[in-house]
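Residues per chain are reported as follows:
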Amino acid sequence: MFWKLQEDALTEADLNALVDFIRSKERLTQGPRIREFEQAYAKWMGCKYCVMVNSGSSANLLLVGAVKELKTWQDGDEVIVPAVTWPTTITPVMQCGLKPVYVDVNLTDLSFDYDQLAKKITPRTRGIFVAHLLGFPADMDRLRTLAEKHDLALLEDCCESQGAKWKGEKVGNLGLAGTFSLYWGHHMTAIEGGLITTNSQELYHLLLLKRSHGLARELPPELHAGIAAQYPDIDFKFLFLTDGTNFRSTELNAILGMCQLARLDEFIRQRNHNFRRYVTLCRRYPDDLIALDGAEVSSFSFAFLFHDHALKEAFQKTLAKAGIESRPIIGGNLMRQPFLRKHYRPAEFPNADLLHENAFYIGNNQFVTDERMDVLDRLMQKFFARETITK
Ligand SMILES: Cc1ncc(COP(=O)(O)O)c(C=O)c1O
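Remember, it's a predicted structure, so these values are computed and weren't measured experimentally.

## Thoughts on the pairing of strand β8 (residues 177–181)
In step 1: Counted residue by residue, β8 has 5 buried out of 5 residues, so it is predominantly covered.
In step 2: Residues A177, T179 and S181 point to one face of β8 and G178 and F180 to the other, with burial holding for every one of them.
In step 3: Note that strand β5 (residues 153–157) and β8 share 3 bridges and pair parallel. In the strand pairing of β8, E156 is matched with G178.
In step 4: As judged from the 5 bridges shared by β8 and strand β9 (residues 194–198), these two strands associate in the antiparallel manner. Bridging from a neighbouring strand, G178 pairs with T197 of β9.

Following this line, the structure appears as structure tokens:
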């Protein structure tokens, strides 16, 4: 395969750091390395607190559960989610006993159809879970205005948009909390992993507890004595302050996280260098393509949105023949997936349907060079001149 969706982003140096740590025989489960990585990530983000977990999906589930408890949301309260995203932006809302309210996407920043979102707010709406998709920041001015007007919690799924900014501020810092994925193929990887960022100390404490069985000893040490004094009949080491589970990661993942974080800005720079060229290429064919752009993007991949389904299929085939791997836009219109189909009313989701039927993406990462971009350029020139179309 000439151009894969994902490449092996771990270097010899990353692997050596891991092997050296394993040989040191230090404790491998969550410990000081996780703490060090969380602090470094919070510094990179420019926020107060960061909590590492074992995946982006766990980050979303832990966050929704903690916010529900913090805000005393009731079962059946509503949270607004997009129709196009990874399923685990939506499933945590269901798993926490809340009601997802599905909103169509827009074809500019791939986030919500903001007008439809405004219409779907009801007296039971408690939160908006925005997903910044494929590296494009959502319009946080519009979302913050709505959230403030209706007193809603604004949660940001940044799993595909690490480093994207809205008016100079990194996404993940613009609502109550943000979540990130360190899965293989994302901007940086720890093989598996997730992060939650927030500036709320109350939420941070609840995340620490719920990440690790609800145990009081997970809280910052300066709080221990005061809490222990409130429960003299319980051994503080086994004091459970709330319901929790085990979302912990390991020191091994944190070691990789530290290695990759040191190079994250360089990875993003290369992705965005490629992205500028991709935008230029797409803009050449306005009759066939809907071009996406954005000044503060942190490019995740190159999406091709076609006006015509048959042409999309033909271009995808042309790329496959040239050894360029492609895939649907995330999970397509999730309303059409078996787990959500009963909520699908086609008239409400025209843009999600367009992404489902007329779009796909190819990989972009630090391994995509100018030479590869030249190949894409030539392929596109030939294809859109209708020289290579085999429908
Ligand atoms: C938007 C979005 N949210 C959540 C996730 C889940 O992250 P993970 O794969 O680390 O569980 C992903 C995964 O790619 C994603 O794209």
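## A look at the packing of helix α3 (residues 56–70) against helix α7 (residues 201–211)
In step 1: The geometry of α3 relative to α7 is characterised by a closest axis approach of 9 Å and an angle of 120° between their N-to-C directions. As the angle between them shows, α3 and α7 are arranged oblique. Handedness of the α3/α7 crossing: right-handed. Contacts between α3 and α7 involve L62, G65, A66, V67, E69 and L70 from the former and E202, L203, L206, L207, K210 and R211 from the latter.
In step 2: Residues of the contact of α3 with α7, tallied by class, amount to 7 nonpolar, 1 polar and 4 charged.

## Quick notes on the site of the ligand
In step 1: The environment of the ligand is formed by 15 residues, the closest being G56, S57, W86, C159 and S181.
In step 2: Element by element, the count of residues in the shell around the ligand is highest for α3, at 3 residues.
In step 3: Taken together, the residues that form the shell around the ligand break down as 4 nonpolar, 9 polar and 2 charged.

## Some words on the domain arrangement of the protein chain
Accessible area lost upon the coming together of the parts serves often as the stated size of an interface.
In step 1: Split by domain assignment, the protein chain resolves into domain 1 (12–261) and domain 2 (264–384).
In step 2: Relative to domain 2, the C-alpha centre of domain 1 lies at a distance of 27 Å.
In step 3: Every contact between the two is made by 29 residues of domain 1 and, on the other side, 29 residues of domain 2.
In step 4: Of the residues in the side of domain 1 that touches domain 2, the class split is 16 nonpolar, 8 polar and 5 charged.

## Side note on the sheet that holds β9
In step 1: Taken together, the 7 strands give an open sheet; going across it, the order is β1-β9-β8-β5-β4-β2-β3, and neighbouring strands pair in mixed fashion. Looking at which strands have only one partner, the edges of the open sheet turn out to be β1 (49–53) and β3 (99–103). Averaged over neighbouring strand pairs, the angle between their axes works out to 20° when direction is ignored.
In step 2: Inspection of the sheet shows strand β4 (residues 125–131) paired to β5 by 5 bridges, in the parallel sense. Paired with A131 across the strands is D157, a residue of β5.
In step 3: Strands β4 and β5 of the sheet are contacted by helix α6 (residues 140–150), whose axis makes an angle of about 170° with β4.

## Some words on helix α9 (residues 251–261)
Side chains that are three or four residues apart share a direction in an α-helix, a result of its 3.6 residues per turn.
In step 1: The buried count for α9 comes to 8 of 11 residues, which makes it a mostly enclosed element.
In step 2: For α9, the set of buried residues is E251, N253, A254, I255, L256, G257, C259 and Q260.

## What to know about the packing of helix α2 (residues 32–45) against α9
In step 1: Two numbers describe how α2 lies on α9: the axes approach to 8 Å, and their chain directions differ by 30°. Taken as axis vectors, α2 and α9 run roughly parallel relative to one another. Both α2 and α9 take part in a crossing whose hand is left-handed. In this structure, α2 contributes R33, I34, E36, F37, A40, Y41 and W44 to the contact, and α9 contributes E251, A254, I255, G257, M258 and L261.
In step 2: Among the residues forming the contact of α2 with α9, the class breakdown is 9 nonpolar, 1 polar and 3 charged.

## What about the sheet that holds strand β10 (residues 289–290)?
In step 1: The 4 strands lie next to each other as β10-β11-β13-β12, forming an open sheet whose pairing is antiparallel. If you trace the sheet from one side to the other, it starts and ends with β10 and β12 (326–327), each paired once.
In step 2: Bridging between β12 and strand β13 (residues 359–363) involves 2 bridges; their strand directions are antiparallel. Its bridge partner being in β13, S326 is matched across the sheet by I362.

How each quantity is defined
- Residues numbered from 1 in each chain as written.
- Predicted model: local features only at pLDDT ≥ 70, side-chain atom pairs only at ≥ 80, totals over all residues.
- Buried ≥ 20, exposed ≤ 12 C-beta atoms within 10 Å, placed from the backbone.
- Helix = DSSP H or I, 4+ residues; strand = E, 2+ residues; numbered from the N terminus.
- Pairing = 2+ DSSP bridges.
- Axes fitted to C-alpha atoms, helices over the stretch in contact; angles between N-to-C directions.
- Parallel < 35°, antiparallel > 145°, perpendicular 65-115°, else oblique.
- Left-handed = near helix turned anticlockwise from the far one by under 90°.
- Contact = placed C-beta atoms within 7 Å.
- Nonpolar A, V, L, I, M, F, W, Y, C, P; charged D, E, K, R; others polar.
- Near = placed C-beta within 6 Å.
- Domains from an automatic or database assignment.

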